[in-house]
Amino acid sequence: MYEEEKDNHYVFSEHFDRQFLEELYAGDTESAAEVFQASLVQIVEEMKLADEKVAEGDIAGVRKIYHKIKPLFGYMGLLSVQDFVQHFEDQCRDSVLMSDVQIAYDNIKEIIRGALSLAREEQLKLNEYNNRRA
Amino acid sequence: MKYSSIIVEDLQAAADFLVKFCEKSGIINVQAHFLNAEDALVYLSENLVDLIFLDVEMPGASGFDLMDQLVYTPQVILTTSKTEYAYDAFQYNVTDYLKKPFTYQRFLESIQKVEKKKAEDDSTAENDHIFIKADGKLVRLQNDDILYIESMGDYVKFITADKKYITHNTIKNLETKVDGLRFMKVHRSYIVNLSRIDDIQENMLYIKGAVIPISKAHKSRVMQKINVI
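As the structure is a computational prediction, the values presented were derived from the model and not from experiment.

1. Focus: the packing of aromatic side chains
- In total, this model carries 21 aromatic pairs over all chains according to the counting rule given.
- Ring geometry for A:Tyr75 versus B:Phe17: centroids 4.7 Å apart, planes at 10°, classification stacked. Of this pair, A:Tyr75 sits in helix 3 (residues 59-75) while B:Phe17 sits in helix 1 (residues 12-25), each in a different chain.
- Assessed through its relative accessible area of 7%, B:Phe17 is described here as buried.
- Between B:Tyr148 and B:Tyr190 the ring centres are 6.2 Å apart and the planes differ by 50°, which places this aromatic pair in the tilted class.

2. Topic: the domain arrangement of chain B
Residue and element names in this part refer to chain B.
- By domain assignment, chain B separates into domain 1 (3-124) and domain 2 (129-225).
- Here domain 1 and domain 2 have C-alpha centroids that lie 33 Å from each other.
- Contact with domain 1, which involves 7 residues of that partner, is made by 5 residues of domain 2.
- Roughly 500 Å² is buried in total at the junction of domain 1 and domain 2, and carbon and sulfur atoms are behind 65% of that figure.
- Its largest share of buried area at the contact with domain 2, domain 1 owes to Glu46, Leu48 and Val71, together 66% of the area lost on that side.
- For the pair domain 1 and domain 2, the interface holds 0 salt bridges.
- The interface formed by domain 1 and domain 2 holds 2 residue pairs in polar contact (both at pLDDT 80 or more) in total.
- Here the side of domain 1 that touches domain 2 is built from residues that sort into 4 nonpolar, 2 polar and 1 charged.

3. A closer look at the confidence of the model for chain B
- Put simply, chain B has an average pLDDT of 90, and 98% of its residues get 70 or more.
- Quick note on the complex model: pTM equals 0.75, ipTM equals 0.85.

4. Some thoughts on the environment of A:Ala119
Residue and element names in this part refer to chain A.
- Mapped onto the secondary structure, Ala119 falls in helix 5 (residues 98-133).
- Each C-alpha atom, one on Ala119 and one on Asn130, is 16 Å from the other, the two residues being 11 residues apart in sequence.
- Ignoring sequence-local partners within four residues, the contact set of Ala119 consists of Phe16, Phe36, Leu40 and Met76.

5. Description of the interface of chain B and chain A
- Taken residue by residue, the interface counts 16 residues in chain B and 21 residues in chain A.
- Summed over both sides, the interface of chain B with chain A buries roughly 1,700 Å², with 58% coming from carbon and sulfur.
- The interface formed by chain B and chain A includes 1 salt bridge.
- Among the ionic pairs, B:Glu57 bridges to A:Arg63, the shortest N-O distance being 3.0 Å.

6. Re the nonpolar core
- Ranked by size, the top nonpolar core spans 61 residues in total, and within it A:Tyr25, A:Tyr66, A:Phe73, A:Ile112 and B:Phe53 carry the most contacts.
- Per-element tally for this core: the top contributor is helix 5 of chain A, with 11 residues.
- Apart from the residues within four sequence positions on either side, A:Tyr66 is in contact with A:Met47, A:Ala50, A:Val85, A:Phe88, A:Tyr105, A:Ile108, A:Lys109 and A:Ile112.
- Among the nonpolar cores identified, the runner-up in size contains 27 residues, and B:Leu44, B:Ile52, B:Leu70 and B:Leu138 belong to it.

About the criteria used
Residues numbered from 1 in each chain as written. Chains lettered and ligands numbered in written order. Predicted model: local features only at pLDDT ≥ 70, side-chain atom pairs only at ≥ 80, totals over all residues. Heavy atoms only, no water. Phe/Tyr/Trp six-rings, centres within 6.5 Å; stacked < 30°, edge-to-face > 60°. Helix = DSSP H or I, 4+ residues; strand = E, 2+ residues; numbered from the N terminus. Buried < 20%, exposed > 50% of the residue type's maximum accessible area, 1.4 Å probe, protein only. Domains from an automatic or database assignment. Contact = heavy atoms within 4.5 Å. Buried area = accessible area lost by both parts, 1.4 Å probe. Salt bridge = Lys/Arg side-chain N within 4 Å of Asp/Glu carboxyl O. Polar contact = N/O pair within 3.5 Å; in protein donor to acceptor, adjacent residues only side chain to side chain. Nonpolar A, V, L, I, M, F, W, Y, C, P; charged D, E, K, R; others polar. pLDDT = per-residue confidence, 0-100. Core = buried A, V, L, I, M, F, W, Y, C linked by side-chain atoms within 4.5 Å.

Have a look at this one:
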């Protein structure tokens, strides 16, 4: 019996908002795995684009990218990360120069790196669980 | 009742969730998904929907820009990850405001609001006009201007005093859509504007020179509806 399984029911890891994820996916772990996979790919791609915008000093462009990926953390049950991204988005909106938000940008990237690591782990667990049930 | 809808959302994962929730509800039919407002507007210029799930911030035009350009007023549920649009949402009289991500339960609450608003609109609407798809656009026709509607197989012809409009529809479908107090089906191929009937002779009625048959099945109802002294 895997730790994340109880009574044949998938239990998300403690780092995630379990109650929200259970409401969102209602036991559909196949969908959860798909959303985790798609979100991970999209976040990584968009963050690369954000780096380009940073290099161009395009603060509005950076804000738009982070606004776009923000809900993806919610779909992965990382609601606190979603809040951090919102805070960063607000800082971008209120700033003129990229240098004003450079520290915040480095911080949010660090937070997201940690979040992605947890999400990848969870996705593997979801895949294992789904494979066992298949 | 089934509500026809479109999703305007640049985040594929969010759109996928919405499609699943709509299917699960059994009452929302998603006709199309658009990644930006511009493509949605092209679709909406030729198609009528009851409901739009609308993101606010998208590449190009925003959800509010889209609402500014609508020629008719379907219900709108804003789907956004930001709460600060709430005031604007209120100004635009949207039906609900869903913050992404949202659960199925929260989605259902929104749909209940759609149903409630529909019931309110039906009871208070002036119902003085309809929109039809014709000539590659949505054309507004005042009820007063429509003389009668004639079946042409899978198409119908709206006859006004000035012009004829042909559109893809059926008399059977239109019978439930037009204002029942003003319009009436008098034959399997005709719906007439009761206020525009000039005279009735036997099983025929006359509107601006046009002769329209009244079927036996509809004759008694027609006679009940018109004011015979």
